[in-house]
Amino acid sequence: MSLNTYYTLGRSGLRVSRLALGTMTFGTEWGWGSDRETNQQLFNTYVDAGGNFFDTADLYTNGTSEIWLGEFIKERNLRDRAVIATKFTFNADPGNPNAGGNGRKNILRAVEGSLKRLNTDYIDLYILHAWDRITPAEEMMRTLDDLVRSGKVRHIGLSDTPAWYAARSQTLAEWRGYEPVCALQLEYSLVERNIEKEFVSLGTELGMGIMVWSPLGSGLLSGKYKPSQDGSMGEGRLQAMKESKNPSFQKFSDRNWKIVAELEKVANELGRSMAQVSLNWTANQPGIGSVIIGATKLHQLEDNLQSLSFQIPNELMQRLEEVSRPNPQFPYFFFDSEIQGMVNGGATVGVKPVGYHPDVLVRRE
Ligand SMILES: NC(=O)c1ccc[n+]([C@@H]2O[C@H](COP(=O)([O-])OP(=O)(O)OC[C@H]3O[C@@H](n4cnc5c(N)ncnc54)[C@H](OP(=O)(O)O)[C@@H]3O)[C@@H](O)[C@H]2O)c1
């Protein structure tokens, strides 16, 4: 499959592939990644398919992820073509609270480490990895703007923050002339749809493209874990991390097994793998700028790279939507139910479609 159709990310001029390559599994330090040779193959396969968008973070696999990504890019002389996204927030210096978080002191420390490990003099997209609950948006945004002005960073993004914090950050950027946020990096898949409540309209309204992480629910939606065995037979990250307290790894639930079962039926009807169908579903939802795919084996990546080369018919989309629909929640059910009739005095008022579909295409021949 060819990835050489590029879309602008959010309201920026940065052209990226719809499928980004995740590098959290570059290295075996965390117990569920893969070795250098395998990852070099994954990198080359992705690049040869036309992909240009790489996602890493300063502390992924204790720094190995950034180092290998930098080396692979250098070996193929791709720095100009590659769009590198990396992140700061997490702390690798026990006892030193300023070696983590989103304050100025940590951001300015972290960026130097990432530039060194990536062996580059600029980062294309520098992302706050997670909200630290403390640092004022003013300080974080001003610091990121300084980095853009200094030339060390081209664009900025936010990952795993509350919607209000992202909205406040973007509004500050608009009013103070800071570099705007062009990407929101968030978990999204058939088994994790909560971002639809706030983040899709937030990204659409304020020009931030959503970069999806864990689009296969850490492997659950690839079909290798069977409901009948309660996940115990599938080999992979979720099995390895079964005892972890990290909520991202706790995917074996009755609700999720129902989704996996319906996905399997839909995939069989389409003659496609479950991974392809779930990635296709995710990539085609409103507001989604790019889907970060992950793989520990070449055959997985080859499978996943086929995910955009077909369309899921409406009837099958509907079945996936119904089985995975999140529960109605206050106050959101006020916005899309008959309660709106009480607002409009019974008159029909057109609703602007929620969602952002990038409409600018850049093609490489
Ligand atoms: N901002 C954040 O907080 C955050 C958090 C998480 C991830 N991320 C980013 O998002 C990227 C992707 O996340 P993710 O790795 O969790 O994505 P994912 O697509 O949910 O899971 C990928 C994993 O599923 C398995 N898999 C993938 N394709 C498969 C296939 N076709 N058949 C069978 N198994 C398959 C592999 O693991 P096994 O072989 O071990 O089963 C692979 O490592 C990361 O690399 C990282 O860059 C960001």
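Residues numbered from 1 in each chain as written. Predicted model: local features only at pLDDT ≥ 70, side-chain atom pairs only at ≥ 80, totals over all residues. Heavy atoms only, no water.

Explain helix α6 (residues 199–206) to me, please; I cannot follow it from the model alone.
Each α-helix winds once per 3.6 residues, and so residues spaced three or four apart point in a common direction. Counting buried positions along α6 gives six out of eight residues, so the element sits mostly inside the fold. In this structure, the buried residues of α6 make contact with α5 (163–176), β8 (181–187) and β9 (209–213). Backbone geometry just downstream of α6 places G207 in the positive-phi region, at approximately 75 degrees. (Buried < 20%, exposed > 50% of the residue type's maximum accessible area, 1.4 Å probe, protein only. Helix = DSSP H or I, 4+ residues; strand = E, 2+ residues; numbered from the N terminus. Contact = heavy atoms within 4.5 Å.)

How do you make sense of the packing of aromatic side chains when you look at a structure like this?
The geometry of an aromatic ring pair comes down to the distance between the two centres and the angle between the two planes. For the coordinates displayed, the defined rule picks out 17 aromatic pairs. The interplanar angle of 45 degrees and the centroid separation of 5.7 Å between the aromatic rings of W30 and W32 together place this pair among those described as tilted. In this structure W30 comes out as partly exposed when scored by relative accessible area, which is 32%. Ring geometry for F330 against F334: centres 6.0 Å apart, planes inclined by 90 degrees, an arrangement best described as edge-to-face. (Phe/Tyr/Trp six-rings, centres within 6.5 Å; stacked < 30°, edge-to-face > 60°.)

Which parts of the structure should I look at to understand the site of the ligand?
Lining the immediate environment of the ligand, one finds 31 residues, of which D55, D160, S214, K224 and T296 sit closest. T23 is positioned such that a nitrogen or oxygen atom in its backbone is 3.3 Å from an oxygen atom of the ligand. D160 places a side-chain nitrogen or oxygen 2.6 Å from an oxygen atom of the ligand. Starting from 910 Å² of accessible surface for the ligand in isolation, the protein chains cover 94%. Among the elements that make up the shell around the ligand, the one with the highest residue count is helix α10 (residues 298–304) (three residues). Across the shell around the ligand, the residue classes tally to eight nonpolar, 16 polar and seven charged. (Near = heavy atom within 4 Å. Polar contact = N/O pair within 3.5 Å; in protein donor to acceptor, adjacent residues only side chain to side chain. Areas by Shrake-Rupley, 256 points an atom, 1.4 Å probe, with all protein chains shown as cover. Nonpolar A, V, L, I, M, F, W, Y, C, P; charged D, E, K, R; others polar.)

What am I meant to see in the side chain of N52 here?
In this fold, N52 is placed in the loop between α1 (36–48) and β4 (53–55). Among all residues touching N52, those that are not within four sequence positions of it are Y6, R15, V16, S17, Y46, R81, A82 and V83.

How should I be thinking about the environment of L115 in this particular structure?
Tracing the sequence through the fold places L115 in helix α3 (residues 104–118). Those residues in contact with L115 that sit more than four places away from it in its chain are T120, D121, Y122, I123 and K152.

Hey, could you run me through a nonpolar patch on the surface in this one?
Judged by side-chain polarity, F330, F333, F334 and F335 come together as a nonpolar surface patch covering roughly 440 Å² of accessible area. By the element assignment, F333 lies in the loop between α11 (314–324) and α12 (339–343). (Patch = residues over 30% accessible without salt bridge, like charges linked within 9 Å, V, L, I, M, F, W, Y side chains within 5 Å. Salt bridge = Lys/Arg side-chain N within 4 Å of Asp/Glu carboxyl O.)

Sorry if this is basic, but what is going on with the packing of α3 against helix α4 (residues 137–150) here?
Their axes nearest at 9 Å, the elements α3 and α4 cross at an angle of 30 degrees. Put simply, α3 runs roughly parallel to α4. The two elements α3 and α4 meet at a crossing, and its hand is right-handed. Mapping the contact onto sequence places R104, I107, L108 and V111 in α3 and E139, M140, R142, T143, L144 and L147 in α4. Class assignment for the residues of the contact of α3 with α4 results in six nonpolar, one polar and three charged. (Axes fitted to C-alpha atoms, helices over the stretch in contact; angles between N-to-C directions. Parallel < 35°, antiparallel > 145°, perpendicular 65-115°, else oblique. Left-handed = near helix turned anticlockwise from the far one by under 90°.)

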